[in-house]
Amino acid sequence: MDLGQFIIDGNELGIIENVNLLIAAQADPIVIINDGLLSGMNVVGEKFKNGEMFVPEVLMAARAMNAGMDIVKPLIADKDMPTLGTIVIGTVKGDLHDIGKNLVVMMLESAGFKVVDLGVDTKVEQFIAAVKENNADIVGMSAMLTTTMTYMQEIINACENEGLNVQYLVGGAPLSPVYSKKIGAVYAADASGAVDTAKELAA
Ligand code: B1M
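What you are looking at is a predicted structure, and each value in this text was computed from that prediction instead of being measured.

The rules behind these values
- Residues numbered from 1 in each chain as written.
- Predicted model: local features only at pLDDT ≥ 70, side-chain atom pairs only at ≥ 80, totals over all residues.
- Heavy atoms only, no water.
- Core = buried A, V, L, I, M, F, W, Y, C linked by side-chain atoms within 4.5 Å.
- Buried < 20%, exposed > 50% of the residue type's maximum accessible area, 1.4 Å probe, protein only.
- Helix = DSSP H or I, 4+ residues; strand = E, 2+ residues; numbered from the N terminus.
- Contact = heavy atoms within 4.5 Å.
- Axes fitted to C-alpha atoms, helices over the stretch in contact; angles between N-to-C directions.
- Parallel < 35°, antiparallel > 145°, perpendicular 65-115°, else oblique.
- Left-handed = near helix turned anticlockwise from the far one by under 90°.
- Nonpolar A, V, L, I, M, F, W, Y, C, P; charged D, E, K, R; others polar.
- Expected span 1.5 Å × (residues − 1).
- Arc of directions from axis to C-beta.

1. Thoughts on the nonpolar core
One recurring pattern in soluble globular proteins: nonpolar side chains tend to sit buried together.
Working step 1: Counting residues in hydrophobic clusters, the biggest one holds 40 residues, and the most contacted among them are Ile-7, Leu-37, Met-41, Val-44 and Leu-108.
Working step 2: Where this core is concerned, the elements lending two or more residues are α1 (3-8), α2 (12-24), α3 (29-49), α4 (55-72), β1 (86-91), α5 (99-111) and α9 (191-202).
Working step 3: In this view, Val-44 contacts Ile-7, Ile-8, Met-53, Val-58 and Ala-61; residues no more than four positions away in its chain are not counted.
Working step 4: Counting residues in each nonpolar core, the second largest holds 27 residues, with Val-88, Val-92, Val-131 and Met-152 among its members.

Next up, the structure:
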């Protein structure tokens, strides 16, 4: 059975039914994740990047992925859980836009990152506390307003002052690669780009 195709089709019920069947047949949960769920989500990422899939379809795929993960996760010891790294993410202070950020979160989780989502209107102190608490590798910041994107620099400065050993991933409509580089961060244009960039940063 091709679990990946159920993910690509966003078929949540198909995933639930077939993951349960595989578990009943004693399949290895790690193999289910890597060869079934993640491989399907990788295809979704590529298709989204190439304009062959759109936001609603990606959301459905991510929901199917999460439904599958919810079944297999309890069967895996934390230490065996495949993880590419830990990302603390939030929409920055003063900004309430979270649709794009939520999509990025879903895609990062589906790709195998541990994501600590701080939500919207996130202040410097929240980022710093979450990085320390979770020993994060990456700080992800989203902004949709020209008036709020400048706050990213404050977050980066504060993290540097604290001596935190993290990389910075940023995105949102008003951002550009040039501006992102200027503040010391790496830019991703969309959710699938965020996954690719996060993989590079965490490597
Ligand atoms: Co607002 N809004 N909004 N809004 N809103 C915009 C952003 C705006 C461009 C509309 C416009 O004027 N044409 C404009 C900003 C102008 C500017 O600053 N340049 C604007 C404004 C002005 C405002 C208010 C100030 C309006 C007012 O009250 N006068 C107000 C501000 C509130 C606040 O935040 N303090 C406001 C409010 C709202 C709503 C609450 C009504 C609602 C948000 C609901 C929500 O998010 N829960 C809203 C919406 C929906 C929009 C638009 C229409 C759509 C945004 C969206 O969700 N896009 C938007 C216009 C537009 O973009 N066409 C607009 C879909 C989403 C999938 O894409 O968010 O770009 P996007 O995310 C992408 C990428 O950007 C990237 O990946 C995502 C997925 O592919 N990405 C990342 C995002 N974050 C990333 C992080 C990463 C990497 C990639 O790494 C960490």
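2. Here we look at the packing of α4 against α5
Working step 1: With their axes 10 Å apart at the nearest point, α4 and α5 run at an angle of 45 degrees to one another. Looking at the two axes, α4 sits oblique to α5. Classified by chirality, the crossing of α5 by α4 is left-handed. Across the interface between the two elements, Val-55, Val-58, Leu-59, Ala-62, Met-65 and Asn-66 from α4 touch Leu-103, Met-106, Met-107, Glu-109 and Ser-110 from α5.
Working step 2: Among the residues forming the contact of α4 with α5, the class breakdown is eight nonpolar, two polar and one charged.

3. A short note on α2
Working step 1: The end-to-end C-alpha distance of α2 is 18 Å, a good match for the 18 Å that 13 residues give at a rise of 1.5 Å each.
Working step 2: Those residues of α2 that fall on the buried side of the exposure criterion are Gly-14, Ile-15, Asn-18 and Val-19. Projected down its long axis, α2 carries its buried residues within an arc of 115 degrees, all on one side. Counted as exposed and oriented over 90 degrees from the buried face of α2: Leu-13, Glu-17 and Ala-24.
Working step 3: If you follow the buried residues of α2, they end up packed against α1, α3 and α4.
Working step 4: Immediately downstream of α2, the backbone of Gln-26 shows phi near 70 degrees, a positive value.

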